[in-house]
Each structure stands twice: as structure tokens, then as C-alpha cells.
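# Chains, contacts and geometry: an overview
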Amino acid sequence: MGPLPAKPVPTPRKRLVWSVMAALGLGAMAAALVPRGYESGWLLLAQDDPIKLADHAVDQRLNPAVAEREIEAALAAGDVDLANSFVDLAAERGIAIEPALAARLADANSTMTRTVRNAGSFARGLFSGEPTDMVGMAGTAVGDLFVFGDIRDAAREGVHYAKGEPTDELVFGLACVGMAVTAGTYAARGLTAPVRAGLTLVKAGRKAGWMSARLATWVTRSVGDVVDMAAMRRTLATASITQPAIAVRAARDAVKLERAEGLVNAARDVGRVQAKAGTQAALESLKLSEGPRDLKRFARLAEAKGSKTRAIIKLAGRAAIWVTFALFDLASALFSALFALFGFCSAVKSTTERTTLRYIRWRKARRWRKRMEALAAG
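Residues numbered from 1 in each chain as written. Predicted model: local features only at pLDDT ≥ 70, side-chain atom pairs only at ≥ 80, totals over all residues. Heavy atoms only, no water.

From N to C terminus, the protein chain includes 18 helices and zero strands. Pairs at least 24 apart in sequence give 77% of the contacts found in the protein chain among residues at least 6 apart. Carbon and sulfur atoms provide 61% of the accessible area of the protein chain, an area that totals close to 19,400 Å². (Helix = DSSP H or I, 4+ residues; strand = E, 2+ residues; numbered from the N terminus. Contact = heavy atoms within 4.5 Å. Areas by Shrake-Rupley, 256 points an atom, 1.4 Å probe, with all protein chains shown as cover.)

Under the 1.5 Å per step criterion, the end-to-end length of helix H11 (residues 213-226) is 20 Å for 14 residues, consistent within 8% with the ideal 20 Å. Taken residue by residue, H11 has Leu215, Ala216, Trp218, Val219, Ser222, Val223 and Val226 as its buried positions. Seen from one end, H11 has its buried residues packed into an arc of 165 degrees, which puts them on one side. Turned more than 90 degrees away from the buried face of H11 sit Ala213 and Arg214, all of them exposed. (Expected span 1.5 Å × (residues − 1). Buried < 20%, exposed > 50% of the residue type's maximum accessible area, 1.4 Å probe, protein only. Arc of directions from axis to C-beta.)

Summed over the entire model, instances satisfying the criterion amount to zero aromatic pairs. Positioned above the aromatic ring of Trp210, the side-chain terminus of Lys287 is 4.8 Å from the ring centre. (Phe/Tyr/Trp six-rings, centres within 6.5 Å; stacked < 30°, edge-to-face > 60°. Lys NZ or Arg CZ within 6 Å of the ring centre and 35° of its normal.)

The subject of this paragraph is a nonpolar patch on the surface. Together, Tyr359, Ile360 and Trp362 make up a nonpolar patch on the protein surface, roughly 320 Å² of accessible area in all. Considering the arrangement of structural elements, one finds Trp362 in helix H18 (residues 327-377). According to the relative accessible area criterion, Trp362 is partly exposed, its value standing at 43%. (Patch = residues over 30% accessible without salt bridge, like charges linked within 9 Å, V, L, I, M, F, W, Y side chains within 5 Å. Salt bridge = Lys/Arg side-chain N within 4 Å of Asp/Glu carboxyl O.)

Our focus in this paragraph is the packing of helix H14 (residues 261-277) against helix H15 (residues 279-288). In the contact formed by H14 and H15, the axes pass within 7 Å of each other and the chain directions differ by 145 degrees. Between H14 and H15 the crossing geometry is right-handed. Within the contact between the two elements, H14 uses Val270, Val273, Gln274 and Ala277 and H15 uses Thr279, Ala281, Ala282, Ser285 and Leu286. Across the contact of H14 with H15, the residue classes break down as six nonpolar, three polar and no charged. (Axes fitted to C-alpha atoms, helices over the stretch in contact; angles between N-to-C directions. Left-handed = near helix turned anticlockwise from the far one by under 90°. Nonpolar A, V, L, I, M, F, W, Y, C, P; charged D, E, K, R; others polar.)

Another aspect to go through is a positive patch on the surface. On the surface, Arg361, Arg363, Lys364, Arg366, Arg367, Arg369 and Lys370 cluster together to form a positively charged patch. For Arg363, the location among the structural elements is in helix H18. Since its relative accessible area comes to 34%, Arg363 is described here as partly exposed. (Lys, Arg positive; Asp, Glu negative; His and termini not counted. Charge placed at Lys NZ, Arg CZ, Asp CG, Glu CD.)

Looking at the protein chain as a whole, the pLDDT averages 76, with 66% of positions reaching at least 70. For residues 185-190, every residue scores under 50 in pLDDT, and the model assigns this stretch 10 contacts once sequence neighbours within four places are set aside. (pLDDT = per-residue confidence, 0-100.)

The biggest cluster of nonpolar side chains holds 73 residues, and the ones touching the most others in it are Leu62, Leu174, Val177, Val219, Val223, Val227 and Val255. Sorting elements by how many residues they give to this core places helix H9 (residues 169-188) first, with nine residues. (Core = buried A, V, L, I, M, F, W, Y, C linked by side-chain atoms within 4.5 Å.)

In this structure the tally under the stated criterion is one cavity of 30 Å³ or more. Its boundaries defined by the atoms lining it, the largest cavity holds a volume of some 40 Å³. Val202, Met211, Leu215, Trp218, Val219, Leu263, Ala266, Val270, Leu286 and Leu295 together form the lining of the largest cavity. Counting residues per element, the ones that place at least two in the lining of the largest cavity are H11 and H14. (1 Å grid on protein atoms, 1.4 Å probe; cavity = no way out; pocket = protein on both sides within 12 Å on 5 of 7 lines; lining within 4 Å. Points joined across faces, edges and corners; volume = space filled by probe spheres on them.)

With that settled, consider the environment of Arg268. By the element assignment, Arg268 lies in helix H14. Through-space distance from the C-alpha of Arg268 to that of Ala299 is 9.0 Å; in sequence the pair is 31 residues apart.

On to the side chain of Ser289. The residue Ser289 is located in the loop between H15 and helix H16 (292-305) in this model. Engagement of the side chain of Ser289 in a polar contact is seen with the backbone oxygen of Ser285, the distance being 2.6 Å. The contact partners of Ser289, leaving out residues within four places of it in the chain, are Ser212, Leu215, Asp294, Leu295, Phe298 and Arg318. (Polar contact = N/O pair within 3.5 Å; in protein donor to acceptor, adjacent residues only side chain to side chain.)

Let us now look at the packing of H15 against H16. Their axes nearest at 9 Å, the elements H15 and H16 cross at an angle of 145 degrees. Like other packed secondary-structure pairs, H15 and H16 cross with a definite hand, here right-handed. Seen from H15, the contacting residues are Ser285, Leu286 and Leu288; seen from H16, they are Asp294, Leu295 and Phe298.

With that settled, consider the environment of Asp153. In this fold, Asp153 is placed in helix H8 (residues 148-162). Sequence-wise, Asp153 and Ala175 are 22 residues apart; in three dimensions their C-alpha atoms are separated by 6.3 Å. Ignoring sequence-local partners within four residues, the contact set of Asp153 consists of Val171, Ala175, Lys203 and Lys207.

In C-alpha cells, the structure reads:
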């Protein structure tokens, strides 16, 4: 009779329990973190595409209740353009508007109502240079295209300077650039209508307070590089809108458009927003932009989304064109999700190995007991 087989050593049950608990805990952590990590990774990949960012922001914020609430608020404020923008955005997303609300919007868009509203907007834009909608922008543009608006603004600031009163150098400089552009140099230099419209809007946005502080600082610096402010002030301190030739001649001499590439590109981008999405959308892009890169992104968004741009800006703000979370936070969320997922997979692997090993040892122990029973019976 040979030696008795050694009794198999069972796997400690405690080790298996801890392995299962670790797998469950890491699984719960992964379930909580992986969706956030996936979103963070997607945002990091899409950070240079304002159209994808805008769609993502709208997906998170827009639903039937929000759409109807925003349309109601826009109609109550008399902002039919914004209400129309939300209707277009809702239609793109397959969201139906209540018939009663749609009827109110149709009434606000009726011919008579729009005629009365447009007449006042055009006059306000023409004489004040502060448009609030497309028709008001048309009035402002008419004034600037005939140099009336730019001379009015430049002469007013020049008089303020001569009297020692506070002077808005940004409006003054933009008016000077506008005069130089409108005076004919603009066709010769290949500048286009969006540039002229953009300059008008930037100037109007500044006067109406629709320009961010950072963008205003950048534009002021750019205008300072393009315009000989001292020469223009000396001339325009005595000029007026009844002496347009003096003002235009001074602008052509003092404005160096060959130095204005950055300013011209920014104005062109504002003009692109206005052409595709409307005047108010362009003014709102000035309020949210912190520099020329933001304006370029808003221009891309407006060209892709058209009339829906205002609603997108209202819903998302800067999140429509930039990742609003710090990149460090996004990277941390992505890393945490990957770590939790890796830990869960490792815990599952360990649990599977230990369970398999315990089963194998259980089978060996069972065979050992049967053999011992057979030896005892024999």
C-alpha cells in the first residue's frame, strides 16, 4: 500500500470575499465615472469644433418645456427675432410648439405689426447708430455707407476731446477706419461688404454696451495701431457732418489700412455672423467674445446654424463655442474614469481567478475524500 495522498489545502474564503467586494465597489465607481469620463474625452476631442460643441450644449439644455418657456419670454419682451430663432431650433430637434403659442408668434410676425416695429427700428439705427435688430442695422448701415454715421461719431468724439471731456477712443477710431473704408479704399484693397457691416456693428456694439471688456481692449489696441489719433482729433475738433470732405480726407490720411489685417478679419467675422444669423446675434457674439478667435468661432457657428444661432447662444452662452470646463478638470475626469474601469476589470480578473482556483481545489478535495472513503471501506 502506497503513501496516502496529501489533503488539498482549500482557498481561504476571506480572500475570495474581499476580491468580490473590491470588484463590486470598483464596478459601482466605474458606473458612476465612466459616463462623465466619456463625455470629457469627447469634449477634449471636439474642443476645436464650435458646431459640435453647440450641438452638445443644445442636447443638454433644450427640451419642449424649455423651448416654450424661452419663446414665451421672448414674445413678452417683444423680441420676435429670438422667438423665431427658438422655433427654428425646436423644429430642427423635432420639438412641437403648442398651437396657441404658434398663433401668438404668427400674429407678432404679421405684416402690420412688423411694419410699425421696423419703421421705428430703422429710424433709431439711422440717427442714433445703435441698432437692435436687422432693420435697425439697415438704418445704421445706410448712415455709415454715406459716411454720415461715421462722421457724426468721429466729430462728436473729436469735440469731446477738444473740450477736455471724456472721449471714447474705440468709437472714435472705428469711425475713422469706417470713413477710410467707405471712402473707396475698401474696394481697392479687396475688402468686402461683411467688413463694412462688421465695422458698423462693432462700433454700434461698443456704444450700446454690447462688447466684452477683453474684446474692447483688443480692438482698442488694434485701432491704435491703425489710426493716427492725434492727427484725426486735431482735424475733427472743428469738423462736422456738414463738412464731410474734411473728415473723409483726414481719415484717408490718418488711417493705415495696411496695418489693419487683424481688425479687418475680426470685422469680417462679425459681418459673417450678421449676414447669416442677424444683427442681434452679431451683437451678442460681441458681448460673449474675448478676442478675435472667439469671433471666428461664432462666424463658423452662424454659417452652420443660420437663424438658430441666437437661440443656441441664449441657451449655451460661451459653451456654444468653447469647452467651458478647465482642461485639467476634463483630463482628471477622464483619467478617473479610466482608472475606475481598469480597477474594475482587474478586480473581475482577480475574482475570476480566485473563484476558479477555489473550485479546482474543491474538486480535488472532493476526490480526496472519496478516495479516503474507498480506502476506509476496503
